[in-house]
Amino acid sequence: MEDSDGEDVKETPELPQEIIVYILSFLHASDRKEASLVCHSWYTASQDLRFQKNVTFSFPASASSLELVRGLSRKSRCSLKISQLDGFSISRSLLLEVGMCLGSKVESLALPGSSVTEASLLALLPRLTSLRRLDLRGLDSLFMSGAFLSREEHRRQVRSALSGLKELDLSDLRYLSDLTFNRLTGCTPHLCRLSLAGCHIAFEFDPYQGCPVGAVEDSSALLSLRNLRRLLTEQRSTLVGLDISRTSITPESLRTVAQVQGLVLEELYLQGCKELTDYSVEILVKHQPSLLKLDISGCTELTSRSVEAAARSLKSLTHLSLSRDWRITEKGLADLLSVSSLASLDLSECPHISGTEMVKGLKGSKAGRRNVEMLNLKSCTYVRDLAVFSLTQLLGDSLRELDLTSCVNVTDLSVCAIATYLQNLVILRLGWCKEITDWGLLGMVQKNQSEPDDETGDQGPRFTRTFGNMGFFKPPRMPFEERPKMVTQNDLQQFKQKAGASLLALKRLQELDLSACAKLTDSSITQVVRHPELQRLSLSMLPEITDASLASVGRHCRSLTSLALSQCPGVTDRSVAQAVPYLHRLQHLHLSCCNNITDRSLFLLMQHCQRLKTVDVSRCKNISMTAVDLLQSQLPFLENVHHRLIGGADVTLSD
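Residues numbered from 1 in each chain as written. Predicted model: local features only at pLDDT ≥ 70, side-chain atom pairs only at ≥ 80, totals over all residues. Heavy atoms only, no water.

Considering the overall build of the chain
Looking only at helices and strands, the chain has 25 helices and 24 strands in total. Classification of the 655 residues of the chain by burial places 49% in the buried group. For the chain, the share of sequence-separated contacts (at least 6 apart) that also reach a separation of at least 24 residues comes to 78%. Taken as a whole, the chain presents about 31900 Å² of accessible surface, with 51% of it coming from carbon and sulfur. (Helix = DSSP H or I, 4+ residues; strand = E, 2+ residues; numbered from the N terminus. Buried < 20%, exposed > 50% of the residue type's maximum accessible area, 1.4 Å probe, protein only. Contact = heavy atoms within 4.5 Å. Areas by Shrake-Rupley, 256 points an atom, 1.4 Å probe, with all protein chains shown as cover.)

Printed below as a string of structure tokens:
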């Protein structure tokens, strides 16, 4: 082959398809999408089945979605999440197109935020012969009349299509009754997981009939415990997961569910069931010892008795949530952490937890040290540095997610321990840990002053001349009033020359929350927040950071999809201009109360961040409504723009 100058030009041989697929496997999903536009062979490689696992296509009901549905017909299987469906012609046409073009290829279907009609859904369901998961949560319009699936012909058609359905979500259905529940579950004989979270279930008394539940067969007004028990009995051979969170289930009703003959549950969710007692949990774990996941968060009557019962009976437990169970203490946690299979433990907002018994349990179980992957201690205000130091040493090989939000006694020592021992960490949340400073993030020990501070030195009692304090000792300074020693340029040079236990050691980090750690400055943010795989970052309420921090984050954290900078007065248009050209993946940006941000920043977002879904510029006094309207018209995926009180709007009330 010759070019225009007559010189020979060699064609580059095409790479085998397997090699291209292998190369694309190292890319983020959004980058694979960009790479698929290079040429036909790269597009074909990007459609390989290994990249299609657990992918859900989410789109609203609109005329443009019709073409998207037709394009999906080339795929061998797909999962759909269609929002904003209603009774108008566009929604009916879209559901008809899904049935005709995709039909047997749909494995999962969710219809959030919709008011779909019974006729539209009944025209679609018989075509979805490969459906494995159906999400009808909140679809009150479907069940309000009580006539859904009332005709035998419709039930027969739906039954033939949904005979292989494994997961059914009926959460938050206000009008679900015995009749509609029986008709629908009669078409799904092999369920593995069922969700009835937030449904109005009558466990003891029927308010409509004025009699105990069960005295009336198949109520048309409510869903009863008798009917739920019937379903559990009929499908006990396949059902392994049940979600009845946010219902009024009583201890006696839970005992009835747990004692269904032949039922072997592996997952049970009871979040926010406030009437449950320790005795009911003891009965539950006794009759369901095979439970792998148990959520009893927000069950405010439970105490450490429930923890001890779970540790004693659930020897295969992998996930346990005790969040907001404020009566729980340290008692029983040592035995719980000795369960070798435990992988996830949520103790958030349990104010009596200090971590001491957890350390004892981990020290007594070598297997436990290897398996705990998620630990949530949010708002456990008794947790201190010593407990964090011990936990990080014991969980160093396994822990992937750690939440210490609002653990107000955690200091720089804990941050250094995390960076030293938890180098496989993926998610780290340290929001509202107000004692953390630049020194902790840099992994450096703050140098003590050579002379004792005259405020803290032992110089005997002193009096003040303040009239309000007349005759009294001067009160001691509170910890939050003390400012840390500032990091100097010499300190930063030492940091660069000597590798310490800084956040840079957490190379796999994908989420970092440092919001409201008010002592942090540019000195640490610019040096250690340099994680190429970081996807979610919160630096909100850091009054000391400036444009230097945002510019550095933009250059070094190019995988960010979510960035929070609310109430950072030092951030201006200048750093936005420096950062956003690198943040092409950004989907969620929070800039509320940043008064130095102007319309110029919104114009830059239109130019560089085409994937934005959420933008928050509320209370930004230099943002105009004209720029917000233009932003909404220019970004194709933008769903939410928070613009309350922009442009310096006066919030004072007037007559």
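Description of the packing of helix α9 (residues 178-185) against helix α10 (residues 225-234)
Between α9 and α10, whose axes approach to 10 Å, the crossing angle comes to 10 degrees. Of the possible angle classes, the one that applies to α9 and α10 is roughly parallel. The segment α9 lies against α10, with D178, F181, N182 and T185 engaging R226, N227, R230 and L231. In terms of residue class, the contact of α9 with α10 is built from two nonpolar, three polar and three charged. (Axes fitted to C-alpha atoms, helices over the stretch in contact; angles between N-to-C directions. Parallel < 35°, antiparallel > 145°, perpendicular 65-115°, else oblique. Nonpolar A, V, L, I, M, F, W, Y, C, P; charged D, E, K, R; others polar.)

Thoughts on helix α15 (residues 356-363)
Among the residues of α15, those classed as buried are M358, V359, G361 and L362. Angularly, the buried residues of α15 cover 165 degrees about the axis, an arc narrow enough to put them on a single face. (Arc of directions from axis to C-beta.)

Thoughts on the pattern of salt bridges
Under the definition given, this model contains 20 salt bridges. A salt bridge links D403 to R429; the nearest nitrogen and oxygen atoms lie 3.5 Å apart. Of the two residues, D403 is situated in strand β17 (residues 401-403) and R429 in strand β18 (residues 427-429); the sequence distance between them amounts to 26 residues. Classification of D403 by relative accessible area gives buried; the value is 5%. (Salt bridge = Lys/Arg side-chain N within 4 Å of Asp/Glu carboxyl O.)

Some thoughts on a nonpolar patch on the surface
On the surface, L15, I19, Y22, I23 and F26 cluster together to form a nonpolar patch covering roughly 520 Å² of accessible area. Mapping I19 onto the fold places it in helix α1 (residues 17-24). Residue classification places I19 among the partly exposed residues on the basis of a relative accessible area of 39%. (Patch = residues over 30% accessible without salt bridge, like charges linked within 9 Å, V, L, I, M, F, W, Y side chains within 5 Å.)

Here's the deal with the nonpolar core
In terms of nonpolar packing, the biggest core is built from 169 residues, with L80 and L196 touching the most fellow members. The contact partners of L80, leaving out residues within four places of it in the chain, are T56, F57, F59, L72, V98, L102, V106, S108, L109 and A110. Core analysis: the next-biggest nonpolar cluster, separate from the first, contains six residues, V21, L24, A45 and F51 among them. (Core = buried A, V, L, I, M, F, W, Y, C linked by side-chain atoms within 4.5 Å.)

Comments concerning the pairing of strand β1 (residues 56-60)
Burial along β1 is one-sided: F57 and F59 are buried, and none of T56, S58 and P60, which face the opposite way, are. The sheet contact formed by β1 and strand β2 (residues 78-83) spans five bridges and is parallel. Across the sheet, the residue bridging to P60 is S83, located in β2. Crossover handedness for the path β1 to helix α4 (residues 64-72) to β2: right-handed. (Pairing = 2+ DSSP bridges. Right-handed = clockwise from strand over helix to strand, strands pointing away.)

Here we look at the environment of T256
Mapped onto the elements, T256 comes out in helix α11 (residues 251-258). Accessibility expressed as a relative area gives 26% for T256, which makes it partly exposed. As for T256 and R229, which are separated by 27 residues in sequence, their C-alpha atoms are 7.8 Å apart.

Some points on the packing of α15 against helix α17 (residues 385-394)
For the pair α15 and α17, interaxial distance at closest approach is 9 Å and the crossing angle is 25 degrees. One finds that α15 runs roughly parallel with respect to α17. For the element pair α15 and α17, the recorded crossing hand is left-handed. Counting all contacts with α15, which are made through M358, V359, L362 and K363, the residues of α17 involved are A387, S390, L391 and L394. Of the residues contributing to the contact of α15 with α17, the split by class is six nonpolar, one polar and one charged. (Left-handed = near helix turned anticlockwise from the far one by under 90°.)

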